[in-house]
Amino acid sequence: MAVQPFDGVAVVAPTTVRYVRHSDKPAHWWVGRALHDVIAAAGIAKEEVDGLALSSFTMGPDTTIAMTEHFDMAPRWIEWLPTGGASGVMALRRAARAVQMGDASVVACIGADTANPASFAELVRNFSHFSDSAVRPYGAPGPNGMFALITANYMARFGATRADFGAIATSQRANAAGNPNALLGSKVLNLEQYLAAPAIVEPLHLFDCVMPCAGAEAFLVMSEERARGLGLPHAVIRGSIERHNAYFDEPVAVRAGWAMDRDSLYAQAGVGPEAMDCLEVYDDYPVIVAMQLEDLGFCAKGEAAQFLRHNSLTIEGALPVNTSGGQLSCGQAGAAGGFLPVVEALRQITGQTLGRRVAGARLALASGYGMVTYDRCLATAAAVLEGRA
Amino acid sequence: MTITLQGCAQCGARQYPPRALCRACLADALRPVEETGEGRLIVSAIVHRSLEPGFAGDLPLRIGTVHLDCGLRIIAFVDAGLVDGQSVRLRQEAGAVALWHAGALEAGV
Ligand SMILES: [Zn+2]
C-alpha cells in the first residue's frame, strides 16, 4: 500500500523559547514555556490542545503523561518521542496522522531540554547500554568520538578536507547573523579560525562540535480548515519519510536512512530536491550535513565536497542550508535540536523568521537524525513542507 | 591466540556488543565462541578531550573501528604505529571491563 498523503493537515505557529547556555530551571519549565508560547502564537486556549507530543532528554523519570498533570491538561492523544535529533519530524508525522484520523484536533509538538554543566556528561553516560559498555571505556569520547571516526572515514574515502567541512560551519555561522536566538550568532567564524581551532577528537575540532544549551522549539498541527479559520500562516506536508537502523551492517556509516527512502519522499511531494527553496538539516557535525546533501539527492554519494566547493549554503546562495545557523551556531538544546529543522523550515516558508528570510521561500525540506546508541545515529526522518499564506 | 565473542548456536551469527538474544534469529541460544581476532583497522581518531575527568591523565588516546573478518565491528584502542586500512589483530585486556586493543597482525600476542 502506498504512503497515504498528508492532505488536510496544517502546521502552524513556529515557536522558539530563547536558548541559554546554562539553566537552573528544570526541563518542565522549558516544556511549559514552549506550550505557553505556541498557543499564544496561534491565539488559542490551552483547553483547545487535545494532543501532546513531547521529546526531552532531561525530564528525569517524567514523560508526556506526567506533563499533562503538570499543566492541567486532559488531552485525548499523547506521544513520547525519545529519539532526539529525529524527534521533530517524527512528532510532525504522528501528529499529522492523528489529526487526519480524528484522534486529535490540535496537537502541540514540543522539543525541550534544560542544561547545566553536569547534565551533558550525565546524559551521555546513561545514553544506551551499548555506548556504556562498548564506547565509554575508550576514553569516554562521547558522540565526538564516534563522529570523528565517521568523519575520518568519509574524508579518506571521498577526498573531503577539513576546509570542506569548514565551508559548512562558516556558512551556517554567516546565516546565524541576525538570528537573536543563535548563541554564537554574533561571533564571526572564518575558515582560518575554523582550521586553527583546538582538536577535540581528531579530525574533529572545536567548531565541528555543537555547544550544549537549554531551550525549546515547538509547533502546532491542526486541520488546514482550522488554520485558515484562525487566520494563521501555515504549511502543508507534501511528503515525509522515516527509517531506523538502516544499513546496519556497514562497518562505518557513510550513508543513513534517507538514502533508502528519498525516492518515496520526492514521489509523495511530486517535486525533486531542485525545487527546494531551503534545506533545514540536522547538523550535529558538518559531516552529517554533507551526508544529507548526498542522501537526500542534492548531489551524488561522495560528491558533497565538490558540491560545497561550487555552491554556497548561505541564505543568499543557490541552496540555503540551515538558515537559522543550525545547531552549530544556535547551540544544541537537547531534543529541541531535533525540532529546529522543522521549526526553521516553517518559519522560512510562512514568513515568520527570527533572522533573515530566503526571499520568496515556499518549499522547504526538514530533516532529522538521532540517537547514537553505539557508533552512528539510528533514526532518520525528513519532510517536505510547503508554505500557504 | 583467539578472542571470545558472543555467538548463536542456532544460526551461527556472531554479535558485538553483546545482546540478550541472537540479533539475527532471536534464539535464546547464545554461547561464547572463539574467533581469530583478525580484521582490518578501518579508521582511527585521536581523543584529546574526554567527557569524564577520570580519563584526563590518559589523553590523548587513539581509538578506532576494527572490522573483523567474521563481519563484526568493534571500537578498540589502537596501538601506536598502526595505519588506517591495515590488517590488525584484536586482543582483549582482562579487567573489570575487558577492553579491546588493536595491534599489528604479525605481532600476535
Ligand atoms: Zn541466531
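Up top is the structure these notes are about.
In this report, the structure presented in the accompanying data block is examined. (Residues numbered from 1 in each chain as written. Chains lettered and ligands numbered in written order. Predicted model: local features only at pLDDT ≥ 70, side-chain atom pairs only at ≥ 80, totals over all residues. Heavy atoms only, no water.)

## Side note on the overall build of chain B
The condition is simple: The helix and strand labels rest on DSSP assignments: H or I over at least four residues marks a helix, E over at least two residues marks a strand, and numbering proceeds from the N terminus. Here the term buried applies to any residue with accessible area under 20% of the maximum for its type, exposed to any over 50%, and partly exposed to those in between, with areas from a 1.4 Å probe on protein chains only. Note on contacts: a residue pair is in contact if any heavy atoms of the two residues lie within 4.5 Å. Areas reported as accessible are Shrake-Rupley estimates using a 1.4 Å probe. Residue values count occlusion only from the protein chains shown.
When helices and strands are counted, chain B shows zero helices and eight strands. In sequence order, chain B lays out its α and β elements as β-β-β-β-β-β-β-β. Counting only C-alpha atoms, chain B reaches 45 × 35 × 20 Å along its principal axes. The buried share among the 109 residues of chain B stands at 44%. The long-range fraction of contacts in chain B, counting pairs at least 24 apart against all pairs at least 6 apart in sequence, stands at 42%. Here chain B has roughly 5400 Å² of accessible surface; of this, 53% comes from carbon and sulfur atoms.

## Things to note about the pattern of salt bridges
Residue and element names in this part refer to chain A. Heads up, the condition is: When a carboxyl oxygen of Asp or Glu lies within 4 Å of a side-chain nitrogen of Lys or Arg, that pair is called a salt bridge.
Scanning the entire structure with this criterion turns up 26 salt bridges over all chains. Between Asp 132 and Arg 136 there is a salt bridge, with the nearest N and O atoms lying 3.3 Å from each other. A salt bridge links Arg 376 to Asp 375; its shortest N-O distance comes to 3.1 Å. Here Asp 375 falls in the buried class, since its relative accessible area comes to 7%. In this structure, a network of salt bridges that share partners links the residues Glu 224, Arg 228, Arg 238, Arg 362, Glu 386 and Arg 388.

## What to know about the environment of A:Leu319
Mapped onto the elements of the fold, A:Leu319 is located in the loop between helix H12 (304-310) and helix H13 (326-330). Contact partners of A:Leu319, with chain neighbours within four places excluded, come to A:Met276, A:Leu279, A:Leu293, A:Phe298, A:Phe307, A:Ser312 and A:Leu313.

## Description of the pairing of strand E4 (residues 106-113) of chain A
All names here are of chain A. For the record, the criterion: When DSSP finds at least two bridges between two strands, those strands are taken to pair.
Across the eight residues that make up E4, a large majority, eight, are buried. Alternating residues of E4 divide into Val 106, Ala 108, Ile 110 and Ala 112 and Val 107, Cys 109, Gly 111 and Asp 113, and every residue in both groups is buried. Where strand E2 (residues 51-55) and E4 come together, five bridges link them in parallel fashion. Bridge assignment links Leu 54 to a residue of E4, and that residue is Ile 110.

## Focus on the coordination of the zinc ion
Six octahedral donors around a metal ideally sit at 90 or 180 degrees from one another, while four tetrahedral donors ideally sit at 109.5 degrees. Residue and element names in this part refer to chain B. The condition is simple: For Na, K and Ca the donor cut-off is 3.2 Å, and for all other metals it is 2.8 Å, counting N, O and S atoms only; because water is absent from this set, sites may look incomplete.
The zinc ion binds to the protein through Cys 8 (SG), Cys 11 (SG), Cys 22 (SG) and Cys 25 (SG), with metal-donor distances spanning 2.3 to 2.4 Å. Linear spacing of the donor residues for the zinc ion on their chain is C-x2-C-x10-C-x2-C. By relative accessible area, which is 39% here, Cys 11 ends up partly exposed.

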